[in-house]
Amino acid sequence: CTGLGLLAKLPAPLFLAPVAAIAFLACWRAEGPRRALRFGAVAAATALLVAGPWYLRNGQAALAFGRYARAHPSSLYPDPAWMRPLDLVSGSVGWPLALLLLLLMARRPAAGERAAMLRQVALWTAAVSAIVIASQPVFDPRYCLPAVALLAACGGVELAAEWEGARPRLRLVLAAVL
């Protein structure tokens, strides 16, 4: 996943680092440090095998493009910094779905232990990527779409668990928001 992410988008590590860290810590707790280190080494080697050859040949040009695009005047964000979170929400998932996701995330996980781990991955990935991307001089809500996809997956698990135990009126409200 990391290797393909690196081939698809230069800031992929920004979105994948929290996922890797949480998976590593979960493996460390469940199976011990030796197996966690082996897991990390295998994951890193796989990413290098997938993306390494391309970056050996094109890495300098990709980083030069990233530096150029970061300072390109037509891409600079003209509005005040406090508007970025508002633009992020309205430009990505929209306010109704964002509020529904926040309500679902504020509760205890309804769908079990795996959903709790997915929630951790989604929240940390979204938080880290949103903070880093929102602090850059170039800002476009579309840059955060990989993190929004993780939040949507997590919200889907929570929404499915909520739907099963919901009363008919709540189901109507959920259907209207979606």
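Per chain, residue numbering runs from 1 following the sequence as it is written. Under the rules for a predicted model, residues below a pLDDT of 70 receive no local features and side-chain atom pairs below 80 are neither given nor counted, while totals for whole chains, interfaces and linings still include all residues. With hydrogens and water excluded, all non-hydrogen atoms of the structure serve as input to the side-chain values.

A.B. asks: Help me understand the overall build of the chain, please; the structure alone is not making it clear to me.
C.D. replies: Regarding its fold elements, the chain presents 8 helices and 0 strands. Secondary structure elements follow DSSP: runs of H or I of four or more residues count as helices, runs of E of two or more count as strands, with numbering from the N terminus. Listing the helices and strands of the chain from first to last along the sequence gives α-α-α-α-α-α-α-α. The buried share among the 178 residues of the chain stands at 28%. At a minimum sequence separation of 6, the contacts of the chain that also span at least 24 residues come to 70%. Note on areas: Shrake-Rupley with a 1.4 Å probe; residue coverage comes only from the protein chains shown. Summed over its atoms, the accessible surface of the chain is roughly 11,600 Å², and 68% of this surface lies on carbon and sulfur atoms. Three exposure classes are used, based on accessible area relative to the maximum for each residue type with a 1.4 Å probe and protein chains only: buried under 20%, partly exposed in between, and exposed over 50%. In what follows, residue pairs with any heavy atoms lying within 4.5 Å of each other are defined as contacts.

A.B. asks: Any chance you could explain helix α4 (residues 84-91) here in plain terms?
C.D. replies: In an α-helix there are 3.6 residues to a turn, and that puts residues three or four apart on one side. Turning to α4, its buried residues number three or more, namely Arg-84, Leu-88 and Val-89. Relative to the axis of α4, the buried residues are bounded by an arc of 130° and lie together on one face. Of all possible arcs, the one meant is that of the directions from the helix axis to the C-beta atoms.

A.B. asks: What is the right way to look at the packing of aromatic side chains in this model?
C.D. replies: Each aromatic ring pair is described using two quantities: the centre-to-centre distance and the angle formed by the ring planes. Between 30 and 60 degrees the pair is tilted, below 30 it is stacked and above 60 it is edge-to-face, where a pair is any two Phe, Tyr or Trp rings, Trp via its six-membered ring, whose centres lie within 6.5 Å. Enumeration over the complete set of coordinates arrives at 2 aromatic pairs. Their ring planes at 80° and their centres at 4.9 Å tell us that Trp-54 and Tyr-55 sit as a pair that is edge-to-face.

A.B. asks: Mind showing me how you'd approach helix α3 (residues 33-70) here?
C.D. replies: Look at α3: only 39 Å from first C-alpha to last across 38 residues, short of the 56 Å you get at 1.5 Å a residue. To get the bend at a given residue, fit one axis to the seven residues ending there, fit another to the seven starting there, and take the angle between those axes. Where α3 bends most, at Asn-58, the angle is about 75°. Every helix has an expected span of 1.5 Å times one less than the residues it contains.

A.B. asks: Honestly, a nonpolar patch on the surface in this entry has me stumped. Any pointers?
C.D. replies: Any residue with relative accessible area above 30% and no salt bridge may belong to a patch, with like charges joined within 9 Å and the nonpolar Val, Leu, Ile, Met, Phe, Trp and Tyr side chains within 5 Å. The working definition used for a salt bridge is a side-chain nitrogen of Lys or Arg within 4 Å of a carboxyl oxygen of Asp or Glu. On the surface, a cluster of nonpolar side chains totalling about 560 Å² of accessible area is made up of Trp-82, Leu-86, Trp-95, Leu-99 and Leu-102. The dominant element in the nonpolar patch, judged by the number of residues it contributes, is helix α5 (residues 95-106), at 3 residues. Looking at the element boundaries, Leu-86 is found in helix α4.

A.B. asks: Where do I start with the environment of Arg-171 in this structure?
C.D. replies: Among the structural elements, Arg-171 can be located in helix α8 (residues 168-177). With residues near it in sequence (within four places) discarded, Arg-171 still touches Trp-163, Glu-164 and Ala-166.

A.B. asks: Can you walk me through the confidence of the model for the chain in this structure?
C.D. replies: Detailed conclusions should not be drawn from predicted coordinates in areas where pLDDT is low. For the chain, per-residue confidence averages 75 on the pLDDT scale, and residues scoring 70 or more make up 79% of the total. Per-element averaging of pLDDT across the chain places helix α1 (residues 2-8) at the bottom with 67 and α3 at the top with 86. Note on scores: pLDDT gives the predictor's confidence for each residue, bounded by 0 and 100.

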